[in-house]
Amino acid sequence: MPISITLIGGPTALIEIDGFRLLTDPTFDAPGAYQLPHVTLEKTIGPAVRTDAIGPIDAVLLSHDQHSDNLDNSGRAYLKHAKRVLTTEAGAKRLGGHVEGLAPWATSHLKDRDGNTLTITATPARHGPAGIEPLSGDVIGFVVSSSRTDTSDVYVSGDTTWFDGVAEVARRFKCGVVLPFAGAAQTRGPFHLTMDTNDTIETARAFPHAMIVPVHTEGWAHFRQNSEDLRKTFDVLGFGTRLRLLVPGVPTVVEAP
């Protein structure tokens, strides 16, 4: 079955799959500066869709809670009204309430009235180079698998670079749609904290049957690469037909190539 994805901005996307509606890392604040303990982040583009226009959500897939470009003030307020919120174990403790924490490879399930089920598997993520964990904190991605055999698995990378954990996701799941967080984010050092064009190509190679649908590429000043950089790289290396760039605010049907 086809999957619809609407890019709201930054890492925030609405995924509609088999009647279920999932929202990734909610960021709804207006442009402005956001002070973190060791760095100031600048948001340059506001959301393409207002929160009141999104409609009911079955679950929020929150890769982590500690950085404003993945969960801002409006996003935190939004979590209080979401039916389900899935995130890291450490994040669930910080956020409290009904937020559910998952360790990598743990699963959670959503069911509808007709008995259809989504299985959501938390996946490993590393928010930068090896050794970054004490600075970046815990992060996870997600694989969404439907009980319908004609619906492809969807992989949401979360804030991660290419590393063995992403390769292991590719070994375990034959995903037809992959959403890499691909803006080559860079803040305090000469290294990136999310996938750059090279990482995204490696991810495309690891998931040879997937359409690559990047998010987290525009909207913040610390993103060092954007969707046009991805387009040029994919075209030069012969992967162009497998890249789907989303227009913010426009629901887009995405199918495996």
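To be clear, the structure that these remarks concern was listed above.
The residue numbering used here restarts from 1 in each chain and proceeds along that chain's sequence as written. At least 70 in pLDDT is required for a residue's local features to be given in this predicted model, at least 80 for side-chain atom pairs to be given and counted, and no such filter applies to totals for whole chains, interfaces and linings, which use all residues. Side-chain measures were taken over the full set of non-hydrogen atoms in the model, leaving aside hydrogen atoms and water.

Caption draft 1: View of the sheet that holds strand β10 (residues 117-124). Any two strands between which DSSP finds at least two bridges are classified as paired. Only DSSP runs of H or I with at least four residues qualify as helices, and only runs of E with at least two residues qualify as strands; both kinds are numbered from the N terminus onward. Read from one edge of the open sheet, six strands run β9-β10-β11-β12-β13-β14, paired in mixed fashion. Two strands bound the open sheet, and with one partner strand each, they are β9 (107-111) and β14 (211-212). For strand β11 (residues 140-146) and strand β12 (residues 153-156), the ladder comprises three bridges, and the chain directions are antiparallel. Its bridge partner being in β12, Val-143 is matched across the sheet by Tyr-155.

Caption draft 2: Representation of the sheet that holds strand β6 (residues 59-61). Strand order in the open sheet formed by seven strands is β8-β7-β6-β3-β2-β1-β15, and the pairing between neighbours is mixed. Of all the strands in the sheet, the pair left with one neighbour each is β8 (99-102) and β15 (252-254). Recorded for the sheet is a direction-independent mean angle of 30° between the axes of neighbouring strands. With four bridges connecting them, strand β7 (residues 85-88) and β8 associate as parallel partners. Paired with Val-85 across the strands is Val-99, a residue of β8. Helix axes are fitted to C-alpha atoms over the stretch in contact, other axes to C-alpha atoms as well, and angles between N-to-C directions run from 0 to 180 degrees.

Caption draft 3: The arrangement of helix α5 (residues 197-206) in detail. Relative accessibility thresholds used throughout: buried, under 20% of the residue-type maximum; exposed, over 50%; partly exposed, between the two (1.4 Å probe, protein chains only). What α5 keeps buried is the set Thr-197, Asp-199, Thr-200, Ile-201, Thr-203 and Ala-204. Whether two residues are in contact is decided by their heavy atoms, any of which lying within 4.5 Å being enough. Next to the buried residues of α5 lie α4 (164-172), β13 (175-179), β14 and α6 (227-236). Residue Asp-196 occupies the N-cap position of α5, its side-chain oxygen lying 3.1 Å from the main-chain nitrogen of Asn-198. Contacts described as polar in this section are N or O atom pairs within 3.5 Å, which, within protein, must combine one atom able to donate a hydrogen with one able to accept it, while residues neighboring in sequence count only if both atoms come from side chains.

Caption draft 4: Structural context of the pairing of β9. In β9, alternate side chains face the same way, and those of Ser-108 and Leu-110 are buried while those of Thr-107, His-109 and Lys-111 on the opposite face are not. Two strands pair when backbone bridges link them, and β9 and β10 are joined in this way by five bridges, in the antiparallel orientation. Pairing of Ser-108 across the sheet is with Ile-120, part of β10. Two successive antiparallel strands, β9 and β10, enclose a turn made up of five residues, where Gly-115 displays a positive phi of approximately 90°.

Caption draft 5: Here's a closer look at the side chain of Asp-159. You can see Asp-159 is positioned in the loop between β12 and α4. Polar side-chain contacts of Asp-159 include one of 3.4 Å to the side chain of Asn-70. Within the local environment of Asp-159, its side chain forms a polar contact with the side chain of His-216, the two groups lying 3.3 Å apart.

Caption draft 6: Local environment of the pairing of β7. Bridge count for β6 against β7 is two bridges, and the pairing is parallel. Residue Leu-61 lies in a different strand from β7, and its bridge partner there is Leu-86. Between the parallel elements β6 and β7, the chain passes through helix α1 (residues 73-79) in a crossover that is right-handed. Whether a crossover is right-handed depends on one test, that the path from the first strand over the helix to the second runs clockwise when the strands point away from the viewer. A crossover connection joins β7 to the parallel β8 through helix α2 (residues 89-95); in handedness this β-α-β unit is right-handed.

Caption draft 7: Broad picture of the nonpolar core. By convention a nonpolar core is built from buried Ala, Val, Leu, Ile, Met, Phe, Trp, Tyr and Cys residues, the set being connected through side-chain atoms within 4.5 Å. Counting residues in each nonpolar core, the largest one holds 29 residues, and the members touching the most others are Ile-5, Ile-17 and Leu-22. Put simply, the parts of the chain that give this core at least two residues each are β1 (3-9), β2 (12-17), β3 (20-24), β6, β10, β11, β12 and β13. Setting aside chain neighbours within four positions, we find Ile-17 in contact with Ile-3, Leu-22, Leu-118, Val-144, Thr-151, Ser-152 and Val-154. Among the nonpolar cores identified, the runner-up in size contains 20 residues, and Tyr-155, Cys-175, Ala-182 and Phe-207 belong to it.

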